[in-house]
Amino acid sequence: MDAIARQSQASIEQGSKSFAAAARLFDRRTRDSVSLLYAWCRHCDDVIDGQVLGFARAERDPTSPQQRLLRLRALTEAAYTDAELEEPVFQAFARVVRRHAIDRRYPLDLLEGFRLDVEGAHYETLEDTLRYSYHVAGAVGVMMAQIMGVRDEPTLDRACDLGLAFQLTNIARDIAEDAANGRCYIPAEWLQEEGVSRNMLLSPAHAAAASRLSARLVVAAEPYYESALIGIRRLPLRSAWAIAAARNVYRAIGSELVRRGERAALQRVSTSSRQKVLLAMLGGLQAVSATSWGRRRPEPARVGLWTRPR
C-alpha cells in the first residue's frame, strides 16, 4: 500500500500541479489518504475518456464508454464489500473508504457525473451546471472532508462549495478545449444572451463572447469560494492550511482569466511556482485565523447558494 500511495502522489503531481502543491501541506496520514482517493478519481475519469492522466492512450480501448462506466460502478461497489479486488487503484480506494467511513453515495455520485458526460447531457441553467459540478467535483470535496474527519452536514456543505467553485473555474478556463471535445457546460441561457452557439466558441471571431462567459463563471464561483473559507474553521490546522492554499490557487486562476480577457484563450492559465508559495503562505494565515479566532465567532449562514442533494 505504501507503493500505491507513492504512485498516487505521483498521479497528483502529473494530473494537477495546483492541487499537488497544496496537498504537501497535509499531515502524512491525511496526505496518503487524499492521494489514494485522488488516484481513484483520476483513474475513473481516464477510463471513461480512454486516457492516461488526461492524455490519449497508446492503444484505443475497444469497449464503449457505457461499458467502461458499468465496470467502474461494479468495482466501486465491490470496494464496499469483502470482495477480492485485483486492481491496485481499487484496493487503495477500498482502504480509504473503510479507514474513513466514506459514505458510498459520494463515489457513486461522482460516477453519475461521468454518466452525464457519456450521455452528452444538456445544461440549460446555472443550476443545471452546478448540479453537474456537484457530481464531478462537489462530491469529491465531501469525500475529502470526510477523510479530514468532518461528519456534520453544514461543514460538508462548505466542502462541497469548494468543489463547486473549483469546477466553475475549470469550466471557465477550458471553454475552448471542451468545445473542441464536443462538450459544453456553460448554461444554454447564457449562450443565448450572448447570441452564440456552443460550436461558435471555437471561433476566434467569438473570442469576446467566450471571454465574457468565462468571466461570468468566475463571478458565479466567488460566493462558493467565500463559503468554503468559512468551512475550514472546522478542520484540523494542517488540513485547514492545505485546503486554504488550494482555494487560493484556484481562485487566483479565475482572477487571471478575467484579467487576461480574450488573451486567456491563447495559453492555458495557471499560477507560477512563486505565486503558489505566496498563496500557500496566505493560506497558512487564513488557517490559523479560522481555527483559532474563527471558531469563537458565529458561523454565517449559507444564503442563496446551491445545496447538494441529501
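Structural data are supplied above this passage.
Read on for an overview of the structure. (Residues numbered from 1 in each chain as written. Predicted model: local features only at pLDDT ≥ 70, side-chain atom pairs only at ≥ 80, totals over all residues. Heavy atoms only, no water.)

Brief notes about the nonpolar core
Core analysis: the largest hydrophobic core is formed by 97 residues, its most contacted members being Trp-40, Ile-186 and Leu-201. No other element matches the twelve residues that helix H7 (residues 126-147) contributes to this core. (Core = buried A, V, L, I, M, F, W, Y, C linked by side-chain atoms within 4.5 Å. Buried < 20%, exposed > 50% of the residue type's maximum accessible area, 1.4 Å probe, protein only. Helix = DSSP H or I, 4+ residues; strand = E, 2+ residues; numbered from the N terminus.)

Some thoughts on the pattern of salt bridges
Summed over the entire model, instances satisfying the criterion amount to 29 salt bridges. Arg-308 is the partner of Glu-153 in a salt bridge, and the nearest nitrogen-oxygen pair spans 2.3 Å. Highlighted residues: Glu-153 in helix H8 (residues 153-173) and Arg-308 in the segment after helix H13 (273-291), separated in sequence by 155 residues. For Glu-153, a relative accessible area of 33% gives the class partly exposed. (Salt bridge = Lys/Arg side-chain N within 4 Å of Asp/Glu carboxyl O.)

Things to note about unusual backbone geometry
Phi is positive for Ala-101, which is not a glycine, with a value near 50°. Looking at the element boundaries, Ala-101 is found in the loop between helix H5 (88-99) and helix H6 (105-118). Look at Ala-101 and you get exposed, because its relative accessible area is 52%.

So, the packing of aromatic side chains
Under the counting rule described, the total for this entry stands at eight aromatic pairs. Here Tyr-123 and Tyr-185 contribute two aromatic rings whose centre-to-centre distance is 5.8 Å and whose plane-to-plane angle is 45°, an arrangement assigned as tilted. With Tyr-123 in the loop between H6 and H7 and Tyr-185 in the loop between helix H9 (175-180) and helix H10 (188-194), the pair connects residues that are 62 residues apart, well separated along the chain. In terms of burial, Tyr-123 and Tyr-185 fall into one category: buried. On the numbers, 4.6 Å between centres and 15° between planes, the contact of Tyr-132 with Tyr-185 is stacked. With Tyr-132 in helix H7 and Tyr-185 in the loop between H9 and H10, this residue pair connects regions lying 53 residues apart in the sequence. Taking the relative accessible area as the measure of exposure, Tyr-185 reaches 7% and is therefore buried. Taken together, the ring pairs connect Trp-40, Tyr-80 and Phe-93 into an aromatic cluster. (Phe/Tyr/Trp six-rings, centres within 6.5 Å; stacked < 30°, edge-to-face > 60°.)

A closer look at the packing of helix H12 (residues 237-260) against H13
One can describe the packing of H12 onto H13 by two numbers: an axis separation of 7 Å at closest approach and a directional angle of 135°. Comparing their axes, H13 and H12 come out oblique. The interaxial crossing formed by H12 with H13 has right-handed handedness. Here Leu-237, Ala-240, Trp-241, Ala-244, Ala-245, Arg-247, Asn-248, Val-249 and Ala-252 of H12 lie close against H13, whose contacting residues are Lys-276, Leu-279, Ala-280, Leu-282, Gly-283, Gly-284, Gln-286, Ala-287, Val-288 and Thr-291. (Axes fitted to C-alpha atoms, helices over the stretch in contact; angles between N-to-C directions. Parallel < 35°, antiparallel > 145°, perpendicular 65-115°, else oblique. Left-handed = near helix turned anticlockwise from the far one by under 90°. Contact = heavy atoms within 4.5 Å.)

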